[in-house]
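Chain by chain, the residues:
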Amino acid sequence: MNHSIQSADRATHVKIVIVALVAGAVLTAFGTSLRPSTDFVQTVQVVKAGQPTMVSSSGASVVR
C-alpha cells in the first residue's frame, strides 16, 4: 500500500507515468477526432486604409 507519492516505490511511479501517457494519448486522439475534416483553407479579408483624418481634440481628460 502506497499512501503517499513520496513513499511510493519505483513500480508505482512507473504506473503513474504510464497512466499519464495513456491519458494524454487518449485526449490527443479525442481532440484530433473533433477537428473538422475540411481542407483548412482560410480566407483573408484585406482592409485598406481610408483617408487620413486630423483630430484636434479627443475629448478625453488627462490625469497626471
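Keep in mind the model is a prediction, meaning the values are calculated, not measured.

What counts and how
- For every chain, the first residue of the written sequence is number 1, and numbering continues from 1 along that sequence.
- Per-residue local features of the predicted model are confined to residues with pLDDT of at least 70, and side-chain atom pairs are confined, for both listing and counting, to 80 or more; whole-chain, interface and lining totals are unaffected and use all residues.
- Each side-chain value is worked out from all heavy atoms of the structure, with water and hydrogens disregarded.
- A run of H or I in DSSP becomes a helix once it reaches four residues, and a run of E becomes a strand once it reaches two; helices and strands are each numbered from the N terminus.
- Buried means the residue's accessible area, taken with a 1.4 Å probe over protein chains only, is under 20% of the maximum for its type, while exposed means over 50%, and partly exposed covers the values in between.
- Accessible surface area values rest on a Shrake-Rupley calculation with a 1.4 Å probe, where residue burial reflects the displayed protein chains alone.
- Each patch is built from salt-bridge-free residues with over 30% relative accessible area, joining like charges within 9 Å and nonpolar side chains (Val, Leu, Ile, Met, Phe, Trp, Tyr) within 5 Å.
- By convention in these notes, a salt bridge is any Lys or Arg side-chain nitrogen within 4 Å of a carboxyl oxygen on Asp or Glu.

Student: Help me understand the overall build of the protein in this model?
Tutor: Summing up its helical and strand segments, the protein has 1 helix and 0 strands in all. Relative to its 64 residues, the protein shows a buried fraction of 3%. Counting every atom, the protein has about 6,800 Å² of accessible surface; 61% of that belongs to carbon and sulfur.

Student: Help me understand a nonpolar patch on the surface in this model?
Tutor: A cluster of nonpolar side chains, contributed by Val-14, Ile-18, Val-22 and Val-26, occupies part of the molecular surface with about 340 Å² of accessible area. When you line up the elements, Ile-18 lands in helix 1 (residues 10-34). Classification of Ile-18 as partly exposed rests on a relative accessible area of 47%.

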